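# Per-entry structural report
Spelled out, the chains give:
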Amino acid sequence: MMILKKPLTWCKTVYLYQNRPSLLGLWARSIFCETRKWDPQLTLEKKIEIENYWKPIVKCLDGQQSKLTDSTAHEGREKFYALSMFPYPSGNLHLGHVRVYTISDVMARYHRSLGKFVIHPMGWDAFGLPAENAAIERGIKPKDWTYSNIDKMKKQLVEFGFSFDWSREFATCDPDYYKWTQFLFLKMHDAGLAFQKKGLVNWDPVDQTVLAHEQIDDNGCSWRSGAKVEKKYLKQWFLRDTTFSESLLQGLQEVDPALWRDVIDIQRNWISSCTGHRIDFTVQLESREKEELPLSVYTETLELIYGVSHLCVKSSNHLCVDLNITIPGAVLPAYAIHPLSGEHLKLVVTEDHLMYPNRDVKLAIPCISELDKATADRLQLPYRNVLDTSNNVLIDSKELNGLPRHKAVEIVRKKAKDLGIGGERISEQLHDWLISRQRYWGTPIPMIHCGTCGTVPVPYKDLPVTLPDSDELISKGGQSPLAMNKDWLNVPCPRCGSPAQRETDTMDTFVDSSWYFLRYLDPKNENLPFDPAVVNKYLPVDLYVGGKEHALLHLYFARFFSHFLHSIGMLSSKEPFKNLLTQGMVKSESYRVSKTGKYIPKDQVDFSGQSPVEKSTGEGLVVEFEKMSKSKYNGVNPEDVLSEYGVDSTRLCILSNVSPQSERNWSEIVYKGVINWQNKVWTLVTNIRKYHEANSSSRQEGDMTEKDLTDWEKQIDETRNHIINKVTHEFDNTFHINAAISRLHTYVSWLGKVPAGAQGTKAYERALGDLIVMIGVMAPHFASELWTGLADVATFQTHDWKSSVLNQPWPNLDQDFLMPLTYFVNNVAIADIGVAYKDLSSITTELALDLVTKDSTFIDQFSQYTVQKYSFFHDKYKASLKLTIPEYKFPISSETTAQLRKQEKKLSKQKKRLYSI
């Protein structure tokens, strides 16, 4: 065994643990740093020892990065904000968590190795119904349940070696966080975007309570009482996100379609085309003259606003329901006040098919609708003809007279915006965001209801409105449990001092998670949600990693918050996320009895026959990969696989084989390939140590000639450059970490074939060191042990061997390495031309064309033809030149499409090879 020659001084933590014998006895029985011996066998037991030894050291090194937050050490460095969607603290990680956080950790470590200042935070989406239900079932407080789960899950995350910056940690249920959620709500209220109106809720008629969608079973019944759920109108709080519909649609043009992919369509379809406008009316009931009710109307003819004779309302509108008048043609005992003329307009119940599909109110304009004209005439309602159809200009419309419709609509839009009654372009299908929840465990809405002043906001200085401790968690009578806490409920009005009551609804948890990524950047700010100067310095988020199931609502609401904050000057840009990586779901095998559809656990399955059957009955089973679920008995506990295979093997396993964006069918078979690969890498370090041990005195190069060594060094350098280029491309552009790992598999196999004599060369030492550096971003503990084994025998200054592998820079390409310039003729790839790496970034279209036309293949086959047009593309990994030669036809014996494609495919493979590996 080789004795350690060089003291590892790069991390004091190593020596800290060297001075703790009790820990060494448990963790370091075969650790190279401690025993000074290298074991050529990599057993599972040894891998667990390696991880246990290196975990605190890796944690120490990762913690050093977070200290840069409060210093100026990162000034002048390019930033990289790596964000993963923060979890709900359920108490246990699942493999979906492991996948998303492993991906974000790899990308964070990669960009840190590029010398960037990396922001990689973690926190907790801690409010919500599950904690409330768990607390009711267990007889404990939601707060205690939540914080206990946070402690447990944080330990699990640390166990995986994720390089999160825990100095930025918070939970959305922390008063120091939701104080600022309330602050932003009040800002929206100041801007007219937070308001109350009646909205439909799910109502349990037995328990007299409002239900969330999750509390309704497949039969439409309440999960607790079993009663059939009804729809009921209650006064609710809304955020007018529709104000930013057009801005949010336009923002989708700013993101990278290659990375956002179908998420752009998901968002666009949710918002829909902004073909109309919002205009607000006020409704007064004849029985309650003093009460004014807001009524927002969608219209696609805003310019004809002075031609309205009445308002059409669906029978399902809350006014019709409250007044119990739902017969089409009936007139409600109420009137709407015209927002510009002040005229009183009737409200007429109208059949649904005559209305917009997703709206329950419509403007009736007789001059463009025969049906509206017939209704107005029948009810003897006055109206104006406001459109001269001969030249399409406005008449009898006050300031709009004589204007064409497209100009008139802009004037009405501006006037409505100035009056605060709408004017924004919106879509027909998108509605304002209902944020009221009649629950305890959520952010209290900071409003106060006064009999004299009406509904008034809590003063900013009085924030936060904190949740009181409460043993009553079940809502009753359509009110939040908070309504039963009289000490908390009753307060003086902040305006007049009269007795008043707090708003008892709490906010939808989507509100809390719509701005958390901004607070991460300034988490200790006591005066504002964040300092705009700090946040604008580090936005946008460079990479946002999370489940595709959140690609609609969460992403939409987060974008809405950013657009709003931009509108009030707190953010310099509208779009918060640059690159988006929506990772696929992790699925596991389930076993379902064919006849009954009953799911059974794996230990009740008999696998001895040709097809699996249920042990007790012999019934056939349906075996398929499905989303992990307790009810399907197909969940996988990450702690179980950690104890069996270790952290780094699990990280590599979940990264391998399929792209992060694809669904993953979980199978422990993948571990076999990962373990074999780790053993091969271990063998590479073992072999180079054996070489140096055998040649420590004489430094003989075996039977290899100097020419052989030179040739091998050249091949090693070419292979190294080729692999680094491909792996870097995957990390930078596609995020296909699985493809990068596949490249490294090939690299390891190739390095294993390098003869022993060439393993003492500088090229080989550099190539092996770079391999370990690249492994380090994915398997930091394993790589740390490999690094110490290699550093001990390293004889060339190819790396900073005294520093940790996690502090090594990402490998660079050699300046004279030939990069591929691929040229195409009529969309068929012809050949690659080598261009030095140092020249690739500066190559011009003209130079590329000159290189291609001088290529021998081009001269032989295409020089006699005229290039009609060409286009050139290049980045730091490759370049391509596409030529169009209409008169050239590829020689094909048959004109069938199938043969044509086959011939083109064959020709595209006949490329000149730049590398001989």
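Residues numbered from 1 in each chain as written. Predicted model: local features only at pLDDT ≥ 70, side-chain atom pairs only at ≥ 80, totals over all residues. Heavy atoms only, no water.

## A word on the packing of helix α6 (residues 129-138) against helix α7 (residues 142-159)
Stated precisely, the cut-off is as follows: Lines fitted to C-alpha atoms define the axes, with helix axes restricted to the stretch in contact, and inter-axis angles between N-to-C directions lie between 0 and 180 degrees. Put simply, DSSP H or I for four residues or longer makes a helix, DSSP E for two residues or longer makes a strand, and each gets a number counted from the N terminus. Comment on the angle field: the value is read as roughly parallel under 35 degrees, roughly antiparallel over 145, roughly perpendicular from 65 to 115, and oblique elsewhere. Should the near helix be turned counterclockwise from the far one by less than a right angle, the crossing is left-handed, whereas a clockwise turn marks it as right-handed. Residues count as neighbours in contact if any of their non-hydrogen atoms are within 4.5 Å of one another.
Between α6 and α7, the least distance of the axes is 8 Å, while the angle of their chain directions is 110°. Taken together, the axes of α6 and α7 are roughly perpendicular relative to one another. Between α6 and α7 lies a crossing whose hand is right-handed. Here α6 contributes Ala-131, Glu-132, Ala-134, Ala-135 and Arg-138 to the contact with α7, which in turn contributes Pro-142, Trp-145 and Thr-146.

## Topic: the UniProt feature "domain: Aminoacyl-tRNA synthetase class Ia" (unreviewed entry) in the protein
Just so we agree on the cut-off: UniProt positions are given in the numbering used here, feature names are shortened, and annotations may be inferred rather than shown by experiment.
UniProt marks residues 73-255, 428-595 and 606-666 with the feature "domain: Aminoacyl-tRNA synthetase class Ia" (unreviewed entry), using the numbering shown here. Helix makes up 20% of residues 428-595 and strand 26%, with an end-to-end C-alpha separation of 46 Å. Between the C-alpha atoms that bound residues 606-666 there is a distance of 20 Å. The span itself is 28% helix and 20% strand.

## A short note on the packing of aromatic side chains
Aromatic ring pairs are defined here through the distance separating the ring centres and the angle between the ring planes. Counted only if it meets this: Two rings from Phe, Tyr or Trp (for Trp, the six-membered ring) form a pair when their centres are within 6.5 Å of each other. A pair whose planes differ by under 30 degrees is stacked, one over 60 is edge-to-face, and the rest are tilted. Partly exposed describes any residue whose relative accessible area lies between the buried limit of under 20% and the exposed limit of over 50%, with all areas from a 1.4 Å probe on protein chains only and scaled to the type maximum. Two thresholds decide whether a charge sits over a ring: the Lys NZ or Arg CZ must be within 6 Å of the ring centre and within 35 degrees of the ring normal.
Following the criterion strictly, the structure yields 47 aromatic pairs and no others. Ring geometry for Trp-433 and Phe-560: centres 6.3 Å apart, planes at 75°, overall edge-to-face. Here Trp-433 is found in strand β15 (residues 433-434), whereas its partner Phe-560 is found in helix α19 (residues 553-567), with 127 residues between them in sequence. Judged by its relative accessible area of 5%, Trp-433 falls in the buried class. Taken together, Phe-86, Phe-170, Tyr-177, Trp-515, Tyr-516, Phe-517, Tyr-520, Tyr-544 and Phe-577 form an aromatic cluster joined through their ring pairs. Between Arg-502 and the ring centre of Trp-488, over which it is positioned, the NZ or CZ distance is 5.5 Å.

## Here's the deal with the environment of Arg-651
Mapped onto the secondary structure, Arg-651 falls in helix α21 (residues 647-655). The class for Arg-651 is buried, based on a relative accessible area of 0%. A C-alpha to C-alpha distance of 61 Å links Arg-651 and Arg-405, two positions 246 residues apart in sequence. Here Arg-651 is in contact with Thr-102, Asp-105, Val-106, Arg-109, Phe-160, Gly-161, Phe-162, Val-777, Met-778 and Pro-780, once residues within four sequence places are set aside.

## Let's talk about the pairing of strand β23 (residues 577-583)
Our working rule: Between any two strands, at least two bridges found by DSSP are needed for them to pair. Here a crossover is taken to be right-handed if, once the strands point away from the viewer, the path from the first strand over the helix to the second is traced clockwise.
Summarising burial for β23: six of the seven residues are buried, a large majority. Here strand β22 (residues 541-547) pairs with β23 via six bridges, running parallel. Residue pairing across strands places Val-545 opposite Leu-581, the latter belonging to β23. The parallel pair β22 and β23, bridged by α19, forms a crossover whose chirality is right-handed.

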